Structures are given as C-alpha cells and as structure tokens.
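# An overview of the molecular structure
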Amino acid sequence: MVSSISAGVSICRKGTATGRRKEGTMLLNLHSYFSLRYGTMSLDDLIQGMLLGGHDTAVLTDINNSSGSLDFLRKGREHGLNILAGMELRNGDTLLYVGVARNQAGFRELNEFRTRYNQEGRLLPDRAPEFKDVFVVYPHGTTPITALRDFEYIGIRPAQLNQIRMEPVANFGRYVILAPVTFAPQDYKLHQQLRAIDHNLLFSQLDKSMIAAPDEVFVPHAQLMAWYRDFPQLIQHTNRLLGQCSFDFDFSVVKNKATFTDHHQRDREMLHQYTMDGFGCRYGKHDHAALERVTRELAIIEKLHFSSYFLITDDICRHARGRGFHYVGRGSGANSAVAYCLGITDVDPIALHLPFERFLNPKRQRPPDFDIDFSWNERDTIYDYIFNRYQSGHTALMGAMSTFRSRSILRELGKVYGLPKAEIDRLVNEPENMLNKNEVTDTILSVYNRMTDFPNQRTIHASGVLIAELPLTNYSAMDYSAKGLPTMQLDMHVAEDIGFEKFDILSQRGIGHIRDCREIVRQRTGQVIDTSNPSRFFTDPNIAAQLKCANTIGCFYLESPAMRQLLIKLQCDNYLTLVAASSIIRPGVASSGMMAEYIKRHHRPGDVEYPHPVFKEQLEETYGVMVYQEDVMKIANAYGGLDMADADVLRRMMSGKSRSRDQLMEIEGRFFTNCRARGYDEKVSRDIWRQMESFAGYSFNKAHSASFAVESYQSLYLKTYFPKEFMVAVLNNYGGFYNRKVYVNEAKRAGARVVLPCVNRSAFNATIHGDDIYLGFDCLLHLEERLAHRIPEERKANGPYTSLENFHLRTGARLEQLVILIRAGAMRFMGTGKKELLWEAHLLLSGDKKAVRSPVLFETMSSKPVLPKLDTSPIEDLYDELELIGFPVSGSLFDLAKSTYRGEAGAVDLLQHKGKTIRMVGDFVMDKTLKTKRGDAMKFGTFLDKDGVFFDTVHFPQTLGHYPLRGAGLYLIEGKVIEDFGCLSIEVARCGKMPLKLDPRSE
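Residues numbered from 1 in each chain as written. Predicted model: local features only at pLDDT ≥ 70, side-chain atom pairs only at ≥ 80, totals over all residues. Heavy atoms only, no water.

## Some remarks on the overall build of the chain
Helix and strand content of the chain: 36 helices and 24 strands. At 34 Å, the chain has a C-alpha radius of gyration in line with the 30 Å of a compact globule built from 1003 residues. For the chain, the spread of C-alpha atoms along the three principal axes comes to 100 × 90 × 65 Å. Scored against the burial criterion, the 1003 residues of the chain give a buried share of 57%. A separation threshold of at least 6 residues defines the contact pool for the chain, and within that pool the share at least 24 residues apart is 69%. Carbon together with sulfur atoms contributes 52% to the accessible area of the chain, which is approximately 43200 Å² in total. Side chains of the chain carry 123 positive and 121 negative charges; the gap between the two charge centres is 1 Å. (Helix = DSSP H or I, 4+ residues; strand = E, 2+ residues; numbered from the N terminus. Rg over C-alpha atoms; globule rule 2.2 N^0.38 Å. Buried < 20%, exposed > 50% of the residue type's maximum accessible area, 1.4 Å probe, protein only. Contact = heavy atoms within 4.5 Å. Areas by Shrake-Rupley, 256 points an atom, 1.4 Å probe, with all protein chains shown as cover. Lys, Arg positive; Asp, Glu negative; His and termini not counted. Charge placed at Lys NZ, Arg CZ, Asp CG, Glu CD.)

## Topic: the nonpolar core
Most often, soluble globular proteins have nonpolar side chains that are buried together. Grouped together as the largest cluster of nonpolar side chains are 127 residues, with contacts concentrated most on Tyr575, Met692 and Leu821. In contact with leucine 821, other than residues within four places in its own chain, are Phe777, Leu780, Leu783, Leu787, Ile791, Phe807, Ala826 and Met827. Met50, Ile177, Phe251 and Val447 belong to the second-largest nonpolar core, a separate cluster that totals 103 residues. (Core = buried A, V, L, I, M, F, W, Y, C linked by side-chain atoms within 4.5 Å.)

## A short note on the packing of aromatic side chains
Within this structure, the stated rule accounts for 49 aromatic pairs. Centre to centre, the rings of tyrosine 557 and phenylalanine 708 are 4.6 Å apart; their planes meet at 25°, and the pair counts as stacked. Taken together, the residues span a long stretch of sequence, with tyrosine 557 in the loop between helix H18 (541-548) and helix H19 (561-570) and phenylalanine 708 in helix H28 (residues 702-721) at a distance of 151 residues. Among the residues examined, tyrosine 557 registers a relative accessible area of 24% and is labelled partly exposed. Put simply, the rings of Phe306, Tyr309, Phe310, Phe356, Phe359, Phe370 and Phe503 pair up and form one aromatic cluster. (Phe/Tyr/Trp six-rings, centres within 6.5 Å; stacked < 30°, edge-to-face > 60°.)

## Observations regarding the sheet that holds strand S7 (residues 134-139)
The strand order S3-S4-S5-S6-S7-S8-S9 describes an open sheet built from seven strands, whose pairing is mixed. Strands at the two margins of the open sheet, each flanked by one partner only, are strand S3 (27-30) and strand S9 (175-177). On average, each strand axis in the sheet is inclined to that of its neighbour by 35°, with strand direction left out of account. Against the sheet, helix H2 (residues 69-78) engages S3, strand S4 (57-60) and strand S5 (82-91), with an angle of about 155° to S5. (Pairing = 2+ DSSP bridges. Axes fitted to C-alpha atoms, helices over the stretch in contact; angles between N-to-C directions.)

## A look at helix H34 (residues 834-844)
Looking only at H34, the buried set comprises Glu836, Leu837, Leu838, Glu840, Ala841 and Leu844. Packing partners of the buried residues in H34 comprise helix H32 (804-811) and helix H33 (815-823).

## Some points on the sheet that holds strand S20 (residues 917-931)
Pairing is mixed around the closed barrel formed by five strands, whose spatial order is S20-S21-S22-S24-S23. Here the average twist between neighbouring strands, direction ignored, is 50°. Here strand S23 (residues 970-980) runs beside strand S24 (residues 983-993); their pairing, made up of ten bridges, is antiparallel. Within S24, the position partnered with glycine 975 by the bridge is valine 988. The sheet contacts of H19 involve S20, strand S21 (937-944), strand S22 (950-955), S23 and S24, and relative to S22 the element is tilted by about 100°. Helix H30 (residues 740-749) rests against S20, S21 and S22 of the sheet, and its axis sits at about 135° to S20.

## Overview of the pattern of salt bridges
For the coordinates displayed, the defined rule picks out 73 salt bridges. Put simply, glutamate 620 and lysine 616 hold a salt bridge, and the shortest N to O gap is 3.1 Å. A relative accessible area of 43% means that glutamate 620 is categorised as partly exposed. Using a relative accessible area of 40% as the deciding quantity, one classes lysine 616 as partly exposed. (Salt bridge = Lys/Arg side-chain N within 4 Å of Asp/Glu carboxyl O.)

## Regarding the side chain of serine 985
Mapped onto the elements, serine 985 comes out in strand S24. Its relative accessible area of 11% is what places serine 985 among the buried residues.

## Topic: the packing of helix H29 (residues 723-732) against H30
In helix packing, the relevant descriptors are the interaxial angle and the interaxial distance, both defined with respect to the helix axes. Viewed as axis vectors pointing N to C, H29 and H30 meet at an angle of 170°, and their least axial separation amounts to 9 Å. The orientation of H29 relative to H30 falls into the category roughly antiparallel. By crossing handedness, the relation of H29 to H30 is classed as left-handed. From H29, Met727, Val730 and Leu731 reach across to H30, where they touch Arg740, Tyr743, Val744, Glu746 and Ala747. Tallied by class, the residues present in the contact of H29 with H30 amount to six nonpolar, no polar and two charged. (Parallel < 35°, antiparallel > 145°, perpendicular 65-115°, else oblique. Left-handed = near helix turned anticlockwise from the far one by under 90°. Nonpolar A, V, L, I, M, F, W, Y, C, P; charged D, E, K, R; others polar.)

## Things to note about the confidence of the model for the chain
Chain-level pLDDT for the chain is 90 on average; 94% of the residues reach the 70-or-more range. Below pLDDT 50 for its whole length, residues 851-858 participates in 15 contacts with residues either more than four positions away or in separate chains. (pLDDT = per-residue confidence, 0-100.)

## Structural notes on the pairing of strand S11 (residues 371-375)
The buried count for S11 comes to five of five residues, which makes it a mostly enclosed element. Where strand S10 (residues 327-330) and S11 come together, four bridges link them in antiparallel fashion. By the bridge assignment, glycine 329 is partnered in S11 with isoleucine 372. Alignment of S11 against strand S16 (residues 503-508), held across five bridges, turns out to be parallel. What sits directly across from isoleucine 372, in S16, is isoleucine 505.

## Concerning the environment of glycine 554
Looking at the element boundaries, glycine 554 is found in the loop between H18 and H19. Using a relative accessible area of 0% as the deciding quantity, one classes glycine 554 as buried. In this view, glycine 554 contacts His513, Glu559, Phe726, Val730 and Tyr743; residues no more than four positions away in its chain are not counted.

## Some remarks on the packing of H19 against helix H20 (residues 575-584)
Two elements in contact, H19 and H20, have axes whose closest approach is 11 Å; the angle formed by their N-to-C orientations is 135°. Judged by the inter-axis angle, H19 sits oblique to H20. In this structure, H19 meets H20 at a crossing whose hand is right-handed. Taking contact as the criterion, the partners of Met563, Leu566, Leu567 and Leu570 in H19 are, on H20, Thr577, Leu578, Ala581, Ser582 and Ile584.

## What to know about helix H3 (residues 104-120)
Three or four residues apart is the spacing at which side chains of an α-helix point the same way, because the helix has 3.6 residues per turn. Along its 17 residues, H3 runs 24 Å from first to last C-alpha, staying within 8% of the 24 Å computed at 1.5 Å per residue. Here H3 has its buried residues at Gly106, Phe107, Glu109, Leu110, Asn111, Phe113, Arg114, Thr115 and Tyr117. The inward-facing, buried residues of H3 abut H2, S5, strand S6 (94-101), S7 and strand S14 (478-480). Between the side-chain oxygen at the start of H3 and the backbone nitrogen of alanine 105 there is a gap of 3.1 Å, and the oxygen is on asparagine 103. (Expected span 1.5 Å × (residues − 1). Polar contact = N/O pair within 3.5 Å; in protein donor to acceptor, adjacent residues only side chain to side chain.)

## Considering the environment of glutamate 423
Counting through the fold element by element, glutamate 423 comes out in helix H14 (residues 421-429). Overall, glutamate 423 belongs to the partly exposed group, its relative accessible area being 29%. For the pair glutamate 423 and arginine 411, spaced twelve residues apart in the sequence, the C-alpha separation amounts to 9.9 Å.

## Overview of the state of the cysteines
On inspection of all chains with the given rule, the structure shows zero disulfides. Left without a disulfide partner, cysteine 758 is nearest to the cysteine sulfur of cysteine 779, which lies 12 Å away. For cysteine 758, a relative accessible area of 5% corresponds to the buried category. Taking relative accessible area as the criterion, cysteine 779 reaches 3% and is therefore assigned buried. (Disulfide = S-S within 2.5 Å.)

## What to know about the environment of arginine 676
When you line up the elements, arginine 676 lands in helix H26 (residues 661-677). Separated by 36 residues in sequence, arginine 676 and glycine 640 have C-alpha atoms that sit 9.4 Å apart.

## Digging into the side chain of serine 35
With respect to the helices, strands and loops of the structure, serine 35 is situated in the loop between S3 and helix H1 (43-53). A polar atom in the side chain of serine 35 sits 2.9 Å from the backbone nitrogen of isoleucine 63. If near-sequence neighbours (up to four positions away) are discounted, serine 35 is found in contact with Asp62, Ile63 and Asn65.

## Comments concerning unusual backbone geometry
Backbone geometry places asparagine 200, a non-glycine residue, at a positive phi of 55°. Although it is not a glycine, phenylalanine 981 sits at a positive phi angle of roughly 50°. On the basis of relative accessible area, phenylalanine 981 is assigned to the partly exposed category, the value being 35%.

So this is what it looks like as structure tokens:
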C-alpha cells in the first residue's frame, strides 16, 4: 500500500527502497484514452510507459474528466509507482489549465468544479477559481506571470525552451516542466483520426488547433533531464510541486451510505424488526428451520455491515408498494430469506435450496447487489424518490463507457476518409471483397485492431445507482443525464474496485403488463387482483395447461420462439421445471450441448448415470446437470469439502469474475486434498473439477431464474383468466419480444374484436369495451403525438365530435393529419365513405379557417357539395391499414394474397403429417440467424398460419442460399415435418414470397 508522501519523498518502482526523490520525476500531464477521442493509451499502457521510461511519479490529467483516476492509482500501486490525481480543463479544443490535486481534498475540488459546470451547461472560466488544495498550471503565453496566485504556475513544454531562454531569471520562479503524454510514438495518426471523428470532419480538414503536438509521447527520464539541463529552476520547482502532493486512498473500505438510521445499532434493530414482521407472513410463526436460516443471515449481514444496504433497498420497495407499483426483486439477492421476508423479492430461497452464501459471505471480495425491476414507465418516479430521499451530492447514477466496436470503427473511419456509404457498407459487410483493397481501406484497417474497445463516449449504466456516505465527488466528477440526474464518470467495475455496492433499479415492459392488466380489470369489474403471493399460481391446473402447450405470448421471458419450443419439449407444467428452463435457454448452456442433454434426461430420468453419489444427492432435481451457478457451489461443498464461502469464491473465479489466480490455485489445492482424504478416485475428481470449470463459465444464477419464473407465472395467471385485458396491457406497454401485429393477433385469438381507432371511442392507448378492443391513436405511424393526445382530451372535456368541421375546429388538426385519420377509418362514426370525407377535408381546409381551442357554439352552415357515391373496396382499406399501422387490422395479410391457396395443412394439423413433406402458407413474423460449426448461416423462422396460429421452420445453409427469407410477407413453404421431443417444425426444402393483389389505390 502506498502511503502519504511528504515533500521530497517518493515511492520508487517495485522492488526498490523508498528514499529521496530522483531529480526529474515530472510527468504533470498524462492523458489516457479516457481523454475521449484524444488520447490513445490505456491505463496499463501508461504504467508500462512510466516503468520503461524510468518515471516513478506522474499525474493523470484526462481532459474534463476523472474516469480513470482511481483505477490508475490502484494499478500504479501494484507496480510501486506514485500516482497523483488531476484534470486538464478545456473549452472545446482550447486548453485552459491543468489542475494537480495536492491530496484527496484537492481531487474532490477538481471534481466539484467540473461537476458544477457540467450541471449548469456553461463554459469554464479562463482563470481557475480560488482552489485550496489544487495546483494550477497554465500553458505558456496565456496568463501573465504577475497575475499568478500562490497555487498557480506556468508550464513550459520542451519545444518552448528557446522562447524563455532570454527571459529574466526571476520569471523562472513560476515555471514548471510540462511534458504532456497523449499517445505512443506510432499512434500519432490514430490520434489525428480520433480527432477527425470527434469533430466529424474529413481527415484532410483537421486544423492544427484540433490536434496535439507530435512530441506528446513518453520521453525517458534521462532525455527529459537533458532537455531541461539549462533550466535547473524548472526541475526544482516541478519537483517541489509534486513533492507537496500525495494521494492516499483506501480501497478496502465500503463507500456506501454507512447507516440508514444514522446509528449502526438502530439499523440492526430495525432490520431485525422488519424481518420478523415479514417472517410470519412468509413462513408462519412455527417454522423453526426457516427461523434458523433467517437468524443466521441476520448475523452475517450485521457482521459484514450490510444492514443499511438491506434497509435502503427495503425503503425503496416500501415506497413502491405504497404507490401501488408492481416490482420484481431478483438477482443473487433472491438467495436471501431476509430479503424474502422484507418483500424485496417473492422468491423463497429455502424452498428452492438457494444458498445465502451466493449473495453474501465473509470471504466474498466483490460486493453483492439487489436487482429491482420496475415498469418501464414508473422507474423515473422511483429515481425521483431515491434522489429526493437521499442526500444531494451523495446519490448518482452509475456511469458506463461505450466503446468503439468492429462496425463502428469501420464506419467512423470510413467517414473520416470520405468513403461513400456504399463502399463503407461493403467494407463492413464484405471485408474480403477485392474491391476493398486500396490505400484508404489499408489505412483504416491498419488501426482497426488498435481502436477495438477504445472508450468512445461516457454514458449511463442501464440500472445502477450509488448512494454514498461521503459526497460522490470524492471519487469522480459527474456528468448530467438528459433528465438532469447526476451520473458518475466511472463505471461499475471501478466502482466495485473502490468499494461501492450499487443498487440496480431496472425497468422492463413485462411488469407494465402486470400492473396495467390489474388496473384494467379493476376498472371493468371492480375486482382487485393481488399477484404479490405467486406461490398459489404454481399449483393452478389451468396455468399449468397454458405452460404445457406454450400459450405464452405476451408473458415475460416465456414468449420467444425458442422458449416456447423449450416449454413444449419439456412438457413444462410446474414451477421447478420452469426455473430450470429459464436457465438452460441461455446461449452458453444451449451451445455447450447441455440443454439437449437436460431435455433428454428430463424425459428419461431413470437412465441418468451419476458420476458419484453426491451428484444424485445434490443435483437429482436437474438430473445431474449443473444448470445453475449454485450447483457448482453445491458440488464444491458436498464433494470437495469446501465451505460454502470458499465454494462461492471458487464459482466466481471459475466464471472469470476474479483476478486472483493465486487464490484459485490455493482453493483448487484444498479441493483435491479433501478429495484424497475422502478416498475418492483421483481421475473421477479431476473429471468433476473439469465439469465444474466448464459449467461455471455459462451457468445461470438460480435466484435469477426463479425470479424470472415468478414474474412469468404472474403474467401467465393474468393471461389465463383475463386474456383480453392482458393483451390490452401488452399493447399499451408496446409489446415485448414481437411487434404489435402479433399481439393484435393474440387478442383476436382470445376472443376480442380488435377495432380500428375511432375519434369518438379511442384513447391515446388501446382500450377495451366489452369484447371490443379499440386500438389507440398511438398505433398510427404518422400521426403527430400531440394530436394523438389532444383528440381524447378534448372529447372528454367537451363531448363527442359531431362532424369533420367540428373535429377540425376543436383539435386544430392540419390537412395531412386529417387525411391520416380518415384513411385509417377513425372518422367512420359519421357514416360517410372515406373518399367522400377526403373531398370534404380538402374543401374544408382550402381557406384560412383557424382552429378554435374552446367549445364550439356555432358551426358554419356552408353547404357541402353533393358528390356521387365513390367506389371503394375492402382491399383498399387493408392497404391503408398496412401503410398507416404496419399491418392489416380489419383482416389479415392472407386477405391480400393473389392466390386462394392456403397450403395442405394448418399449424394444428402438423402432428398428422409428421415425417411427410407438405406445403404451408405462412405470414412471416421473424427469423433468427445462427452459425453452424463450419461457419455457414442457417435460420429459424416463425410464421402465423391462416388461423393466426404459430408454426416454426428450420432453414439449413444449403437451402437458405437458394431460398432466402426476405422479411415481412406471405410465404409458400415446402418442407418435411419434423419432431423433437413433441415440438413440431418444418425443415424447409423450398420457400418463396407469394404475390399480393394489386393495390387499387395506385391504379
């Protein structure tokens, strides 16, 4: 651990003694690649540059941010280097000054200064403020020496030495060495390319002011000293400045808010009370085994000082319940019986044999976190509560860093070099094409690998919130989101390294389905539905039947084609099987072959051969397959004799979540020592160890799977007993896995009559009246959102619309918007044909009539021209719907087919044709592309038949090349009906799009 440094003392490189500072350790101005689109060196590159150049002290001064400061300090300490913190302050390309923190207080000052101007959206001042613990270095020529304050200096670059050679020696008293480091010598062109990307300019259009000087590279210590040999005062002053700086940071202390009640003892008592209050509801008063588990958990929580973390999470959930918000607590936190008692999660870890140590144990070096899912349109309300409830300046969103990836690198560099879009597309999609071989593309490809994973933009973590004991500017500066919330400039990995446990406040549409469906049912029937105790759903035979036949469209996590197929293959009709399915569906498990193995064992459990009796004892529920991360822990404990804390450490290391190879070797040694002591066959033990390593890499947290399964049951309960209301809720939360067409189809299959929007019946969103579901104005692709809201608001305030003119005067709809509404059938209440209404709309708006935003007392009595009845057809209406909504509503795409042929079978008939080659007609829903082991592309397709029933197709490479899928449309499909554990699909031999009837509107 690096200690505080007094003046003139430094920590030398690893392996050397601490002593007097060498003359000339003066790197005041390092840039990493966190100086976005400017620097080209990672933190590790900078460490190596310091070591190779003989420098033992340096200040990381990234431009307008401190993203890398603490991580650089940590990495530098590991190499015995003295790392200091700072920041380079700029307005655009203009360097104003470099701030060097004397200490942690100075680091906070810099972060607060940058944060304040980020919040206010203002440019920085040309002169630094009155810092107390920050040295400021101005570039030469920007600030008069006579105007400098005690903490301010002027930096002299090597190239500027001749400019000061003839100045009075007295001036040198405020000069220091400024030798910026921005890129490796070979990366100067890369730096220029990054600057062109940042400015969105062609490479040839870069101005000198936009780029760094070519000499901003690491210079060996001896050479730097030789350059400044004639200016010993600069060397002395730079050493003195650095000698007054130290940065001592304790990475081991938890940085979260230390207490919930401002006293540890009161936190402990409150957590115990709240837990016991919930215990009776969850387990009853006489469940001694549960009480023992909860008591043990509370002791560990208190010992590790996590009471406040639990209480803050509980506080957020209590607020949500008080607002009537539905939420799902998931993640490793669902391994906690205390969390279950508090109502943070609805997963019972005791019933599922989930070890608490997976969440929290004394040997866990990484902090745990709770994942709380809220509805996508309620999360901002939860954020408001958190930021208002907890201290300002102590609460912020977690930051994240988007990076340059393969396609983005090629596209960005292609633009820099002025390549036409077609050539960029070719370079991205056909990298081996011979037309890509030219000087420009060679230049682009020469830096391609170097730019991969470079930080590109600071952004916001998908869900993380930090609530700290100290002001968060102790750790980084903050940016501000579009919604005005402070956001840390460091990411979750650095936050974990410095001792933060984040709160994951997530959002998803599936929760909105549950919440909105319950509210629709309450409004329609007065029935209040409680989904907070989902265990009663696990034994409902009607829900089990829905699961077994995969009638799960709209239900979170259960609706994708792959998941529906898996449910059928497993004949899933119970909670535990669904929990397993939620895990084995993940790509890692599927690609490893263990999903197929699990399905096979599920159907023939009697044929399972366990490698050791411990496997049967611990993993009989999953037929000996390590489906979950917890399974790795169970085997490490029960077979290898490791305690559960060590088993969790092993699980994390095996899955690549720990950096300590030495610790892994130590635990591995203990595992095999225990196995030998128990008399196990060495070969069997080695094979089990290999299995554990393999499974740990792709297995899923069982608590996550259980949480997903709970939410899925809640959705499926509503879909089973309130199918129409549920589909309205799905539509109003903008679906899930599929587009709106699928959910409209599902509503029709549930017995609803889906109706086009009507200005006198529809709302902004879909609504239900009896068995009629009226689509909302939000479904019209080109209708202005303002008008979509205005129509129902005005109708509610002043009554139904009475005519086209009345509608126009009250809503202010312009002609093009009226045309959309008329063509979509939204004016059908008038009993007039669409074409007649279009004539009337054009005549009505041909003058200068102004809209009136108040009740209309008198309408004009101008006569309307009498038009002959104009021809129309249902086909025109369907094409209007296809254009304005994206799919037909009053019919289906089959009604537009030129041919009346609908194939030899429907989806419900496939079992009768098993093994036979048949033809079917399907409305394309989606496809998924996979690579074979040879690297060829194959596809899995999903279609609807003429009755709106799903069926699936398989397209192998040899047929896909000749008969590709080309997106939306009707397809004639020929292929063999195949079965895999009860799941039927068509192995396609040929397919092609079917022609549609001519659009009569274009005739």
